[in-house]
Amino acid sequence: MLPQGLAIVGYANARDTADVNKVIYSQIAATVLPAECKLRWGAKAEDFGGENTKGDVFALYALKITEPNGRAPLEGDVITSSKDDFDQMGHPSVSMQMNSDGARRWSQITKQNIGRGVAIVLDDAVYSAPRILTQIDGGNSQITGNFTIEDTKDLANTLNSGKMPAPTRIVQEEVVGPSLGAQSIKQGVISFIVAFVLLMIYMIMLYGFIPGIMADIALLFNLFFTLGILTSFQAALTMPGIAGIVLTLGTAVDANVLIYERIKEELRRGLGMKEAVTKGYSNAFSAIFDSNVTSLITGFILLFFGTGPVKGFATTWIIGIFCSFFTAVFLTRLVYENRLKKDKWLNLTFVTGYSKNLMQNAKYNFMGMYKKSFLIWGVAAIIFIGSFFVRGLSQSIDFTGGRNYVVTLDKETHVEDVRAALAGAFINSVGENAGKEANTSVIALGTDGKTIRVSTNWDIESNNPDVDDQAETILYNALKQGGFVSQAKVEDFKNPDVREGGSIISSAKVGPAVAKDITYGAIVSVIIALIAIFLYILIRFRNVAFSTGATIALALDALVVIGFYSVLWGIVPMSLEIDQVFIGAILTVIGYSINDKVVVFDRIRENFQLYGKRDRQQLFNDSLNQTLARTINTSVTTLIVLLCIFILGGDSIRSFSFAMILGVIIGTLSSLFIAAPTAFLVMGRTIREDDVDVTKA
């Protein structure tokens with residue numbers, strides 16, 4: 001540690017800075033270093049010597065404390081603006097403007113320190129230490145040096161950021177080891193491939209070879225456009241992003257199913273292939289448009305209120321919705337019209353031996369079952385609400401604040417044994433819970449018996465920069481003493497690349513303030529989604545009955561899915577924690593479920609216009625039966641995708657896919673048995689339990 005320049009007193013490789021910190025912040029250093037000396041690292045790595053140290057060396061600066069309180073003599077709140085610029089020689093520089101108070105004090109500082117360096121520090125990291133050449137009056141300064149354009153942009157942004165008086169503090173952090181990340185991506189890709197192949201086979205089974213292949217080609221183009229747009233944004237591919245793409249496949253099929261079912265209806269009415277295709281696309285457009293808009297409403301709410309993985313999922317889902325609308329409504333239509341103009345494909349039937357009689361001419365009295373339906377759903381709602389009060393929900397650190405550690409153990413073990421080993425390990429030392437044991441939970445991940453997740457809110461309110469390191473050390477000591485890890489060094493235990501002997505392979509931290517924000521955002525996002533969908537349906541259908549029926553059904557959908565998580569957590573061998581991803585799943589369930597309800601309501605509205613004198617209850621039942629094939633087929637295709645994610649997608653997305661599976665099943669049933677009967681009753685009608693067409697009678 002020798003002076004290297006005006007302010008630099010040493011250099012260290014990035015991997016050695018932690019060891020250097022232990023020395024310079026030790027008690028011995030405190031007795032050796034002058035009281036007015038403060039040592040701080042440079043913010044950016046530098047090139048120092050050969051290839052082995054290129055961009056991997058940090059400079060250590062010695063700063064002189066001149067104020068009694070230890071603060072800088074001039075802080076960022078006096079800076080009114082800063083921008084990257086060029087000096088008289090055309091070299092990159094930074095221009096900085098101060099307010100009148102800053103200009104006055106800056107003039108005094110520069111006068112007293114001509115020939116010396118002045119450090120620009122943000123959050124204890126030195127971004128630059130230029131030398132003062134002359135006294136600067138008026139508050140206008142220019143910083144020059146051996147800068148690149150990128151350096152000056154960064155420095156200007158740093159100066160602008162420094163205008164905020166509050167220091168930054170990490171309140172939410174997530175660390176994923178490279179091997180775990182690679183495994184998650186691999187699982188996501190495998191689930192995508194399997195889901196895509198199964199969807200291709202299913203569409204061919206439903207509609208025949210050519211229509212099925214056309215739908216599959218539309219899916220391929222949908223994937224191509226989605227990935228292309230993500231690439232143009234330079235978006236990183238994450239597991240939630242892959243889940244968004246995979247789910248897009250399932251929902252994209254919905255448009256093709258709607259179109260093909262309408263074409264089949266026109267063919268059964270005796271129209272020729274050309275007319276049937278034209279009318280099929282035209283009649284399906286409004287339902288496709290409305291269902292996509294309601295999905296986009298949910299997607300944008302997720303994007304606006306979500307954080308981290310939820311934003312990644314929402315981004316890919318929104319892009320996928322736009323792409324699927326284009327490929328299904330316009331791209332495939334161009335191909336069909338081109339072939340039909342040349343008198344090709346005139347003998348297509350859009351049916352196979354498997355689907356020929358599937359849900360055709362159905363005469364189910366859905367409306368007449370409303371008393372039984374309401375009773376069953378009412379009992380389920382009471383049970384789930386009771387479970388909320390008795391069992392509650394397994395809330396993740398997203399809502400409580402704390403730390404999560406995914407740990408591989410040295411041997412197979414029972415979760416109860418690990419819980420016993422951690423009992424009494426985490427004792428709070430700060431806050432109102434000081435001296436009390438922190439809330440700590442352990443759950444098993446996967447089926448290998450060696451992977452667990454430890455959650456704890458130990459000292460989560462502490463501002464000590466070493467508290468995270470201390471938490472990992474406590475975890476290591478407890479697991480080591482219990483015989484669950486055999487690592488000789490705690491550093492190896494903390495290294496996600498080291499698997500043999502047990503290690504932390506991923507970790508996450510959420511501060512209490514962020515947890516409150518996430519809780520508030522989750523509640524608000526669900527409420528806003530319901531209100532936005534209510535208003536959209538009211539505007540589109542111009543009937544409050546449809547909006548009321550859909551909103552009540554959607555609220556029940558969300559209640560039932562959350563209720564299952566309350567009843568089943570701790571019983572089933574998987575994580576059923578309520579976290580950000582789960583809230584994303586609930587909003588996605590709302591978006592998917594409203595799709596089905598919009599399609600049903602769209603058919604009811606169409607039949608109102610065509611058969612204005614028909615008995616209303618009979619008309620509702622006919623509409624539900626006419627859309628039943630589409631409802632079943634779309635639900636099956638989406639479930640195919642979700643089951644692939646659930647089985648093959650890995651633990652990181654399993655809770656999301658499980659919520660979606662429940663949501664698809666519950667949402668389909670609520671469309672038939674809750675939304676339509678509720679809308680009918682809000683219209684002021686009385687539902688008969690028989691299915692007699694009084695118009696014909």
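Within each chain, residues carry numbers counting from 1 in the order of the written sequence. For this predicted model, a pLDDT threshold of at least 70 governs which residues receive local features, and a threshold of 80 or more governs which side-chain atom pairs are given and counted, while totals over whole chains, interfaces and linings are taken from all residues. Hydrogens and water are ignored here; the side-chain numbers use all heavy atoms of the structure.

Another aspect to go through is unusual backbone geometry. Of note, Asp343 is a non-glycine position whose phi angle comes to about 60°, a positive value. Under the DSSP-based scheme used, a helix requires at least four consecutive residues in state H or I and a strand at least two consecutive residues in state E, with every element numbered from the N terminus. Its location among the elements puts Asp343 in the loop between helix 9 (309-341) and helix 10 (370-390).

Next up on the list: the environment of Gly280. The topology assignment puts Gly280 in helix 8 (residues 273-305). Considering only alpha carbons, one finds Gly280 and Leu267, 13 residues apart in sequence, at a separation of 9.4 Å. The criterion used for residue contact is that any of the two residues' heavy atoms lie within 4.5 Å. Sequence-distant contacts of Gly280, that is, excluding residues within four places in its chain, are made with Ile259, Arg262, Ile263 and Glu266.

So, on to the packing of aromatic side chains. Centres within 6.5 Å are what make two rings of Phe, Tyr or Trp a pair, Trp counting through its six-membered ring; a difference in plane orientation under 30 degrees is then read as stacked, over 60 as edge-to-face, and the rest as tilted. This model, assessed by the stated rule, comprises 27 aromatic pairs. Look at Phe225 and Phe326: their rings are 5.9 Å apart centre to centre, the planes differ by 65°, and that puts the pair in the edge-to-face class. Within this pair, whereas Phe225 is found in helix 6 (residues 209-232), its partner Phe326 is found in helix 9, the two being separated by 101 residues in sequence. Since its relative accessible area comes to 26%, Phe225 is described here as partly exposed. Using a relative accessible area of 39% as the deciding quantity, one classes Phe326 as partly exposed. Measuring from ring centre to ring centre gives 6.5 Å for Tyr281 and Tyr336, while their planes differ by 55°; the resulting arrangement is tilted. Residue Tyr281 is found in helix 8, and its partner Tyr336 is found in helix 9; the two are separated by 55 residues along the sequence. In this scheme, a residue with accessible area under 20% of its type's maximum is buried, one over 50% is exposed, and one in between is partly exposed, where area comes from a 1.4 Å probe on protein chains only. The exposure class of Tyr281 is buried, given its relative accessible area of 4%. Clustering of aromatic rings is evident, with ring pairs tying together Phe221, Phe224, Phe225, Phe285, Phe289, Phe325, Phe326 and Phe330. Above the ring of Tyr611, the side-chain terminus of Arg614 is found at 4.2 Å from the ring centroid. Put simply, a charge is over a ring when the Lys NZ or the Arg CZ is close to the ring centre, within 6 Å, and near the line of the ring normal, within 35 degrees.

Turning to the packing of helix 17 (residues 580-610) against helix 19 (residues 628-648), a few remarks are in order. A fitted line through C-alpha atoms serves as each axis, taken over the contacting stretch for helices, and the angle formed by two N-to-C directions is quoted from 0 to 180°. Contact geometry for helix 17 and helix 19: axes closest at 11 Å, N-to-C directions at 165°. What the angle tells us is that helix 17 and helix 19 run roughly antiparallel. Helix 19 is crossed by helix 17, and the crossing has right-handed handedness. From helix 17, Tyr592, Asn595, Asp596 and Val599 reach across to helix 19, where they touch Arg630, Thr631, Thr634, Ser635 and Thr638. Here the word oblique covers every angle except those under 35 degrees (roughly parallel), over 145 (roughly antiparallel) and from 65 to 115 (roughly perpendicular). Note: crossing handedness is left-handed where the near helix turns anticlockwise from the far helix by less than a right angle, and right-handed where it turns clockwise.

The next point concerns the sheet that holds strand 2 (residues 37-41). Backbone-to-backbone hydrogen bonds pair the strands of a sheet. The strands run either parallel or antiparallel. Across the sheet, three strands lie side by side as 1-3-2; this open sheet has antiparallel pairing. Both outer strands of the open sheet, strand 1 (8-13) and strand 2, are each paired with one neighbouring strand and no more. Between one strand axis and the next, the sheet turns through 25° on average, direction left out of account. With five bridges connecting them, strand 2 and strand 3 (residues 57-64) associate as antiparallel partners. Each residue of the ladder has a partner; that of Trp41, found in strand 3, is Leu60. The strands that helix 1 (residues 17-24) touches are strand 1, strand 2 and strand 3; relative to strand 2, the one it contacts most, it runs at about 170°. Two strands are said to pair when DSSP picks up at least two bridges between them.

A few words now on the sheet that holds strand 5 (residues 92-98). Taken together, three strands build an open sheet; the order of strands is 4-5-8 and the sheet is antiparallel. The open sheet has two edge strands with one neighbour each: strand 4 (79-86) and strand 8 (140-143). In this sheet, neighbouring strand axes are inclined to one another by 20° on average, regardless of whether the strands run parallel or antiparallel. Alignment of strand 5 against strand 8, held across four bridges, turns out to be antiparallel. Paired with Ser95 across the two strands is Gln142, which belongs to strand 8.

A side chain of one charge can pair with a side chain of the opposite charge if their charged atoms are brought near each other. Salt bridges are counted wherever a side-chain nitrogen of Lys or Arg sits within 4 Å of a carboxyl oxygen of Asp or Glu. The tally for this structure, following the rule as stated, stands at 20 salt bridges. With its nearest N and O atoms 2.5 Å apart, the salt bridge here joins Lys494 to Asp469. Highlighted residues: Lys494 in helix 14 (residues 490-494) and Asp469 in helix 13 (residues 467-481), separated in sequence by 25 residues. Here Asp469 falls in the partly exposed class, since its relative accessible area comes to 42%.

Let us look at the side chain of Ser566. Within the element layout of this structure, Ser566 appears in helix 16 (residues 544-568). Excluding residues within four positions of it along the chain, Ser566 makes contact with Ser387, Phe388, Arg391, Gly392 and Leu393.

Attention now goes to the nonpolar core. Definition of nonpolar core: a set of buried residues of the types Ala, Val, Leu, Ile, Met, Phe, Trp, Tyr and Cys, connected through side-chain atoms within 4.5 Å. In terms of nonpolar packing, the biggest core is built from 118 residues, with Tyr260 and Phe601 touching the most fellow members. Core analysis: the next-biggest nonpolar cluster, separate from the first, contains 23 residues, Ile452, Val467, Phe484 and Val485 among them.

For the pair helix 8 and helix 17, the least separation of the axes is 8 Å and the interaxial angle reads 160°. In this view, helix 8 runs roughly antiparallel relative to helix 17, as classed from their interaxial angle. The handedness of the crossing between helix 8 and helix 17 comes out as right-handed. Taken together, the residues of helix 17 that come into contact with helix 8 (itself represented by Ser286, Ala287, Asp290, Ser291, Asn292, Thr294, Ser295, Thr298, Ile301 and Leu302) are Gly584, Leu587, Thr588, Gly591, Ile594, Asn595, Val598, Val599, Asp602 and Arg605. Only Asp, Glu, Lys and Arg are considered charged in this grouping, and only Ala, Val, Leu, Ile, Met, Phe, Trp, Tyr, Cys and Pro are considered nonpolar; every other residue, Gly among them, is considered polar. Its residues placed into classes, the contact of helix 8 with helix 17 shows seven nonpolar, 10 polar and three charged.

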